[in-house]
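Listed below, chain by chain, are the residues.
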Amino acid sequence: MDALAFLYKTVCGRAFLKLLTARAVSKACGAFLDSGLSRFLIKPFVKKNKINLDEYQTEGIKSFNQFFRRKIKDGARQFSADPNVLCSPCDGLLSVWKIESGAIIPVKQSQYTISSLLKDDALAQEYDGGLCLVFRLCVDNYHRYSYAESGKKGPNVFIPGILHTVRPIALEARPVFIENCREWTTIESGAFGKIVQMEVGAMLVGRIVNHEGPGFAERGKEKGYFEYGGSTIILLLKKGAAQINKEILENSSAGIETPVKMGSQIGEKGLI
């Protein structure tokens, strides 16, 4: 039995998980990973996850968290200049769900409503019939993310929660998105209408770091970054706002996540 199976599928594991996911424990872990004492973790992490360091800026890194939020080299993640092309805001594994009546989004063996994600019933209703794009970031992915679109940006709405891993075994056992801390904003884009971009933290991720408050979002500009742990980004699109690539939709229908890179084309402007 591996560590996650122990935590989520045994009585003793669940008791330990309750302690492990406490905010104080998360903050203590974050403080250690911010310190120079954590530097020894970098080399085995790179080796285990087969990370190609040639893609990244690694000069001056003094702690594990500095490495985890490392920047990619200039020009490595380019967004299309065509405003009618929808690009991925991050590296990760993408699944797409249609928001049908009741706005229930299945994730593995659990179900989540758009209202429970946003804690805003009125806003959630705006996305009836639309699409929910879920980008699951693994530990070896690039953990900085960009604005998906340009436009007027609303305030950052932070929802505190108990931190849990977003790896599949956790999704089988508990309602992950409901319990994770998350932060969302709206962007009034020209081509795709009003979109919601949300960041979801995971176990031992004490910080979702977004750089800007309300103002103007610029497509492809860095929006923020996650600190250590697997994480998730969600985009909500209104009905008819976008046509997602056929391969991604077919994979999602078959329960397969599609690997994407920040800036890669995942769809195009819809009919609205």
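Residues numbered from 1 in each chain as written. Predicted model: local features only at pLDDT ≥ 70, side-chain atom pairs only at ≥ 80, totals over all residues. Heavy atoms only, no water.

Mind showing me how you'd approach the packing of aromatic side chains here?
Between two aromatic rings, the relevant description is the distance of the centres plus the angle of the planes. Scanning all chains against the criterion turns up six aromatic pairs. Considering the side-chain rings of Phe45 and Phe67, the 6.3 Å spacing of their centres and the 85° angle between planes classify their relative orientation as edge-to-face. Of this pair, Phe45 sits in helix α4 (residues 42-49) while Phe67 sits in helix α5 (residues 64-68), and the two are 22 residues apart along the sequence. Comparing Phe45 with Phe67, the two get one shared label, buried. Among the aromatic residues, ring-to-ring pairing joins Phe45, Phe64, Phe67 and Phe68 into one connected group. Its end group placed over the ring of Phe67, Arg70 keeps NZ or CZ at 4.4 Å from the ring centre. (Phe/Tyr/Trp six-rings, centres within 6.5 Å; stacked < 30°, edge-to-face > 60°. Helix = DSSP H or I, 4+ residues; strand = E, 2+ residues; numbered from the N terminus. Buried < 20%, exposed > 50% of the residue type's maximum accessible area, 1.4 Å probe, protein only. Lys NZ or Arg CZ within 6 Å of the ring centre and 35° of its normal.)

Explain the side chain of Lys194 to me, please; I cannot follow it from the model alone.
Checked against the element boundaries, Lys194 lands in strand β12 (residues 193-200). Within polar-contact distance, the side chain of Lys194 engages the side chain of Glu126 at 3.3 Å. Apart from the residues lying within four places of it in its own chain, the contact partners of Lys194 are Leu123, Glu126, Tyr127, Thr186, Ile187, Glu188, Leu236 and Lys238. (Polar contact = N/O pair within 3.5 Å; in protein donor to acceptor, adjacent residues only side chain to side chain. Contact = heavy atoms within 4.5 Å.)

Could you clarify how one ought to interpret unusual backbone geometry in this entry?
The backbone of Lys50 sits at a positive phi, close to 50°, despite the residue not being glycine. Assignment of secondary structure puts Lys50 in the loop between α4 and β1 (56-57).

For this particular structure, what's the right way to read the pattern of salt bridges?
Note that side chains of opposite charge can pair when their charged atoms are close. Considering all chains together, one arrives at 12 salt bridges under this definition. A salt bridge links Arg69 to Glu227; the nearest nitrogen and oxygen atoms lie 2.3 Å apart. Highlighted residues: Arg69 in the loop between α5 and β2 (71-72) and Glu227 in the loop between β15 (222-226) and β16 (231-237), separated in sequence by 158 residues. Looking at Arg69, the relative accessible area reads 18%, which means it is buried. Residue Glu227 is classed as buried on the basis of its relative accessible area, which comes to 4%. Notably, a salt bridge pairs Lys194 with Glu126, separated by 3.3 Å at the nearest N-O pair. Placement of the pair is Lys194 in strand β12 and Glu126 in the loop between α7 (121-125) and β7 (131-137), with a sequence separation of 68 residues. Overall, Glu126 belongs to the partly exposed group, its relative accessible area being 33%. One connected set of salt bridges, linked through shared partners, spans Asp34, Arg69 and Glu227. (Salt bridge = Lys/Arg side-chain N within 4 Å of Asp/Glu carboxyl O.)

What is the right way to read α4 from this model?
Because each turn of an α-helix spans 3.6 residues, side chains separated by three or four positions end up pointing in the same direction. Taken residue by residue, α4 has Ile42, Phe45, Val46 and Asn49 as its buried positions. Down the axis, α4 shows its buried residues gathered within 100° of arc, on one side only. Counted as exposed and oriented over 90 degrees from the buried face of α4: Lys43, Lys47 and Lys48. Those residues of α4 hidden inside the fold are in contact with α5. (Arc of directions from axis to C-beta.)

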